[in-house]
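# Survey of secondary and tertiary structure
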Amino acid sequence: MHVLLEPGFFSNAPVRTALLLGAVVAAVSAVVGVITVVRSQSFAGHALTDVATAGGSGAYYLGVGALWGFLGGSLAGAGAMELIGVQRVRRRDLATGIVLGAATGISALFLYLDTTVKATTGATQQILFGSIFSVSNSTVPYVAAFSGLVIMLMTIMRRPLLLTSLSSEIASSQGVRVRLVGVLFMLCLAVSVGLSSIAIGSILSTALLIGPAATALRVARSIAAATLLAIGLGIISAWIGILLAYDSFYWDPSSQGLPVSFFIVAICFVFYLFSSLVLARRRSHTTRRPVVTDFAFSAEGH
Amino acid sequence: MFTGFMVNAWQAGTIVAVVAGVVGFFVVLRGSAFPAHAIPNGAFAGAAGANLIGLNPLLGLGVFSALAALAIGRLGKRGRPDVATALALVLMLALGAAFLSQSTQYEPEIYSLLFGEILGVSSAQILPTLFLGLASVLAIAVLYRRLLLTSLLPDVAASKGVDPFRVDVMFLLVVALATTMTVPVVGALLIFSLMIGPPAAARTLTSRPGTALWLSVLFSLLTIWISIAASYQSNWPVGFYVGTISAVWYLSARTYVRAKLFLVLQRRII
Amino acid sequence: MSIGARETPPVLEVDGVSVSFGPRNILNNVSFEVRAGEFTGLIGSNGVGKTTLLRVILGLQSISSGSVRVLGAPLSRRSRALGYVPQKVLLDPDVPMRARDLVALGLDAHKFGFSRRSASERERVEEMLVAVDAESFADSRIGSLSGGEQQRVLIAHALVSNPKLLLLDEPLANLDPGSVQEVVALLHRVAKDHGVSILLSAHEMNALLPVMDRIVYVSNGQVASGTTDEVVRSDVLSKLYGHHVDVIQLHGRVFVVAEPGTSAEDVPEHPRYQVD
């Protein structure tokens, strides 16, 4: 027990903030992530993280809070993607890939300037891979507020969003405003990416977006159940990750401990692998055996 | 700008650009943008790991790239290709971060592996880079017809005895090979740009595959050359220029094609 | 018969519609109507423009001339009078959505809001599932259903909101003859029971002959519409095709036989050959 729960875990203030932040971010990522996976827009989600990186590193350079940089970058990226046009699937990969490249280049520039001009250390590591233990308390209320808004918007939109994801033609014929719904969803995706960047770094936030969601979708029976399960898995991943990262400081006295984001990503991955196994077993149990007798009867008298 | 250590940068850059142009052409043709983004990330983890153990980073790059290529090739067949590759991609990055966190050079190492360090290329690296580059281009030349057929008409290819799945795996391995030699120069996050932007631009300007291939190499070369020169002058990182110039090619090509179409229609109406 | 004698306006009026994709003229001055409570077949070979025409009616395709009126009013995006069953819907086998859920979305997919579905809404969904014989798989994942089962679910989805006109794009293609009969019988029954007009596109009209009230025959970007007796005749179809065709009736089935090389003027005296 001592190995798992190192001394001072719960009394440590940054840890408590991290736990709260991690839970909130995991929840909103899960809600948005379920729909992202259903709509097969994982790559778009990933592309936004790279634009968020540019925003975050730029904000660092300008001395503005990283959260605003991440959010701003992410939203700008979403806007650019909508403008470039994301109609045909192949085009979508190309277009988002190009945005990605330019954004990554800009990130490279800002991070370079961060280290040389501002002479700060650790910018690259913090922006890209997160620093959940050093998030200031003043940021947390904003994160919570934005998360709440996104979750509320997603709940309001859930029906048009679902039908559009299945078939935009049918949705159109039912009077759904397909374009509006698409844009609003991108907005939610962008904000969610921005928020999770604060917790586990911009480049790794995809794991929290897609991992628990994809895992839940494989196992659950309905979209609603999948969403709840994804939220649960996300929060568990975040909390165990924080715990292990805290503990890792004590495992090897000479090392600096392993990053939180690494643990969270690894746990998300493990959950996904586990669900694959469950699915494989479920499929093998329900194969129907051919009923030969029916054919015998029908061939004879009729 | 053309003497001393810069010679290495020009040489390495040129080789990398040619390989990126050739391999990238097929990446765009096959819509393999996402796997092409994921394999360099595996390379990142490999280099970081090799760094930690004290091995030659090229070894780590090569092994992990190849493993990533094979994994993606297999995962892509069953289940959801996009979710599986996304998770694997991120895990590789996280792994690399974990490895690097144990080294004393955490910060600069991350930067150079992700964004490249072309101006720091030593003359000892040129020969291996050239060798791997030639191997990549040769592999593409050998696979050329099969790649074209399986990219455009996979079912027809299968009926002729060419297994699209195997060709896909082989292609991904070539991408892994190309990645191994390009990551030290351009960085894991930016090799993708160089591989996608110029070929995508070339494709919009011509519909003939041969021409598009040459154009893609040309644009790629121009991108690297301009980036190196600009980086030398401004001291800003090469990666910044590579990323932005690649995007500029693509957007310009598309705008040019749209403008041409517009003018043609105008003339028709008049 | 004067216009005033008709009790209800036509459910659908297509008037002088033309559609072109760039230089290609797909549809040219197409006019026809679908009357209330009737089963209308949109017949024509593959690629002739049937899907385009359906998309025009749905408001998904722009037209270069003409107008479309549904229940006497011009099309608006929020027009709930139409139900639509497209030809192919890619249903991901892994998406956790039951047939029942998909049908329920037909009721409220356009609504934003927090509300849960009421008991009467759930009853309506059940009613539709029964109407298309889908109760046995109502709670299965849509991705795991067969093509025919999915089609029935999509029909229920389109009908649950009580549209006046149901559009189906090639629902009979790729079905074996037994299934074709089943689907046609189902549609006919459902249409009568729920007072819905049907416009269904197909490239083969024989399966529909027993239930079709009216036919809209498409060829060369133009249409001939009316009852089957009025339209499926050598002279009418020859004019439509632009070359001579024979219409042959054999054992209650109709065959349109083309003889390329002869002109439309060589039309026989009788509109249809009886062979029995």
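Residues numbered from 1 in each chain as written. Chains lettered and ligands numbered in written order. Predicted model: local features only at pLDDT ≥ 70, side-chain atom pairs only at ≥ 80, totals over all residues.

## Digging into the overall build of chain A
What counts is decided by this rule: Numbering goes from the N terminus for both helices and strands, where a helix is a DSSP run of H or I of at least four residues and a strand is a run of E of at least two. Any residue whose C-beta has 12 or fewer other C-beta atoms within 10 Å is treated as exposed, any with 20 or more as buried, and any in between as partly exposed, C-beta atoms being built from the backbone. The contact rule is simple: place each C-beta atom from the backbone, and if two of them lie within 7 Å, those residues are in contact.
The secondary structure content of chain A amounts to 12 helices and 0 strands. Here chain A, with 302 residues, has 55% of them falling under the buried criterion. Taking as baseline every contact in chain A between residues at least 6 positions apart, the subset at least 24 positions apart corresponds to 74%.

## Quick look at the sheet that holds strand β4 (residues 65-70) of chain C
All names here are of chain C. We count it as follows: At least two bridges found by DSSP between two strands is the condition for calling them paired.
Judged by pairing direction, the sheet is antiparallel, and its 4 strands sit side by side in the order β2-β1-β4-β5 without closing on themselves. Pairing within the sheet leaves two strands with one partner each, and these edge strands are β2 (24-34) and β5 (73-74). In the sheet, β4 pairs with β5 via 2 bridges, with the strands oriented antiparallel. Residue pairing in the sheet places Val 70 in a bridge with Ala 73 of β5.

## Brief notes about the pairing of strand β6 (residues 82-85) of chain C
Residues and elements named next belong to chain C. Alternating positions in β6 separate into two faces, Leu 82 and Tyr 84 on one and Gly 83 and Val 85 on the other, with burial throughout. By the bridge criterion, 4 bridges tie β6 to strand β7 (residues 165-168) in an arrangement that is parallel. What sits directly across from Val 85, in β7, is Leu 168.

## As for the confidence of the model for chain A
Here is the rule: Each residue gets a pLDDT score, which is the predictor's confidence in that residue and runs from 0 to 100.
For chain A, mean pLDDT is 83; residues scoring 70 or higher make up 86% of the total. In this model residues 87-91 of chain A is a low-confidence stretch, pLDDT under 50, and it forms 2 contacts with partners more than four residues away in sequence or in other chains.

## Notes on the domain arrangement of chain C
All names here are of chain C. How we decide: What counts as a domain boundary in this text is fixed by an automatic or database domain assignment. Gly is put with the polar residues, along with every residue not named as nonpolar or charged; the nonpolar set is Ala, Val, Leu, Ile, Met, Phe, Trp, Tyr, Cys and Pro, and the charged set is Asp, Glu, Lys and Arg.
For chain C, the assigned domains read domain 1 (3-233) and domain 2 (234-276). Averaged C-alpha coordinates put domain 1 and domain 2 at centres separated by 29 Å. Taken together, the contacts link 11 residues of domain 1 with 12 residues of domain 2. Broken down by secondary-structure element, the contributors of at least two residues to the side of domain 1 that touches domain 2 are β9 (214-219) and β10 (222-226). The residue makeup of the side of domain 1 that touches domain 2, split by class, is 6 nonpolar, 4 polar and 1 charged.

## With respect to the interface of chain A and chain C
The accessible area lost on association of the parts is a frequent measure of interface size. Of the residues lining the interface, 25 residues belong to chain A; the matching set on chain C comes to 24 residues. Going through the elements one at a time, α6 (139-166), α7 (168-173), α9 (205-219) and α10 (223-251) of chain A are the ones with two or more residues in the side of chain A that touches chain C. If one sorts the elements of the side of chain A that touches chain C by residue count, α6 of chain A sits on top with 8 residues. Taken together, the residues of the side of chain A that touches chain C sort by class into 14 nonpolar, 7 polar and 4 charged.

## Observations regarding the interface of chain A and chain B
At the junction of the two partners, chain A supplies 41 residues and chain B supplies 38 residues. Listed by contribution, the elements that provide at least two residues to the side of chain A that touches chain B are α2 (42-62), α4 (89-116), α5 (123-129), α9 and α11 (260-285) of chain A. Here the side of chain A that touches chain B gets 14 residues from one element, more than from any other, and that element is α4 of chain A. Taken together, the residues of the side of chain A that touches chain B break down into 23 nonpolar, 16 polar and 2 charged.

## Notes on the environment of Val 11 of chain C
Residues and elements named next belong to chain C. Looking at the secondary structure, you find Val 11 in the segment before β1 (12-21). With 195 residues separating them along the chain, Val 11 and Asn 206 place their C-alpha atoms 25 Å apart. Those residues within four positions of Val 11 in sequence are excluded, and the remaining contacts are Val 34, Arg 35, Ala 36, Leu 71, Lys 164, Leu 165 and Ser 197.

## Side note on the sheet that holds β6 of chain C
Strands pair in a sheet through their backbones, by hydrogen bonds, and they do so in one of two ways: parallel or antiparallel. Residues and elements named next belong to chain C. Selection rule: Only the contacting stretch of a helix is used when fitting its axis, a line to C-alpha atoms as for every element, and angles between N-to-C directions run 0 to 180 degrees.
A sheet is described by the order of its strands in space; here 6 strands give the open sequence β6-β7-β8-β3-β9-β10, paired in mixed fashion. Here the strands that pair on one side only, and so sit at the sheet edges, are β6 and β10. Strand-to-strand twist across the sheet, computed as the mean angle between neighbouring axes with direction ignored, equals 15 degrees. Pairing of β9 with β10 involves 5 bridges; the strand directions are antiparallel. Looking at β10, one finds that Tyr 217 is bridged to Ala 224. Contacting β9 and β10, helix α7 (residues 234-241) crosses the sheet at an angle of about 35 degrees to β9.

## Comments concerning the nonpolar core
Condition: What makes a nonpolar core is a set of buried Ala, Val, Leu, Ile, Met, Phe, Trp, Tyr and Cys residues, with links drawn between C-beta atoms within 7 Å.
If you look at the biggest cluster of nonpolar residues, it comprises 267 residues, and the most contacted ones within it are Val 34 of chain A together with Val 23, Ala 94 and Val 175 of chain B. Residue assignment places this core across two domains, with domain 1 (3-233) and domain 2 (234-276) of chain C each supplying three or more. When near neighbours in sequence (up to four residues on either side) are disregarded, Val 34 of chain A contacts Ala 213, Ala 216, Leu 217, Ile 223, Ala 226, Thr 227 and Ala 230 of chain A.

## Points about the packing of helix α2 (residues 99-108) of chain C against helix α4 (residues 147-159) of chain C
Residue and element names in this part refer to chain C. We count it as follows: If an angle is under 35 degrees, it is roughly parallel; if it is over 145, roughly antiparallel; if it lies from 65 to 115, roughly perpendicular; otherwise it is oblique. Less than a right angle of anticlockwise turn of the near helix away from the far helix marks a crossing as left-handed, whereas a clockwise turn marks it as right-handed.
Axis separation between α2 and α4 bottoms out at 7 Å; the angle between their running directions is 30 degrees. The pairing of α2 with α4 is recorded here as roughly parallel in orientation. When the axes of α2 and α4 are compared, the crossing they make is right-handed. Here Ala 99, Leu 102, Val 103, Leu 105 and Gly 106 of α2 come into contact with α4, specifically with Val 153, Ala 156, His 157 and Ala 158. A class-by-class count of the residues in the contact of α2 with α4 yields 7 nonpolar, 2 polar and no charged.

## Quick word on the packing of helix α9 (residues 191-205) of chain B against helix α10 (residues 209-234) of chain B
All names here are of chain B. Viewed as axis vectors pointing N to C, α9 and α10 meet at an angle of 135 degrees, and their least axial separation amounts to 8 Å. One element, α9, and the other, α10, form an angle in the oblique class. Note on packing geometry: the crossing formed by α9 with α10 is right-handed. Each of Leu 194, Pro 198, Pro 199, Ala 201, Ala 202, Arg 203 and Leu 205 in α9 lies in contact with α10, whose residues at this interface are Ala 212, Leu 215, Ser 216, Phe 219, Ser 220 and Thr 223. A per-class count over the contact of α9 with α10 returns 9 nonpolar, 3 polar and 1 charged.

## A word on unusual backbone geometry
The phi angle at Ser 40 of chain A is positive, at roughly 55 degrees, despite the residue not being glycine. Here Asn 29 of chain C, not a glycine, exhibits a phi torsion of approximately 55 degrees, which is positive. With respect to the helices and strands, the residue Asn 29 of chain C is situated in strand β2.

## Concerning the confidence of the model for chain C
Residues and elements named next belong to chain C. Counting all residues, the mean pLDDT for chain C is 83, and 90% of those residues have values of 70 or more. The secondary-structure element of chain C with the lowest mean pLDDT is strand β13 (residues 273-275), recorded at 47, while strand β8 (residues 197-202) shows the highest, at 94. Note on residues 264-271: pLDDT is under 50 here. Beyond four places in sequence and across chains, it has 14 contacts. Prediction confidence for the complex, expressed as pTM and ipTM, is 0.80 and 0.83 respectively.

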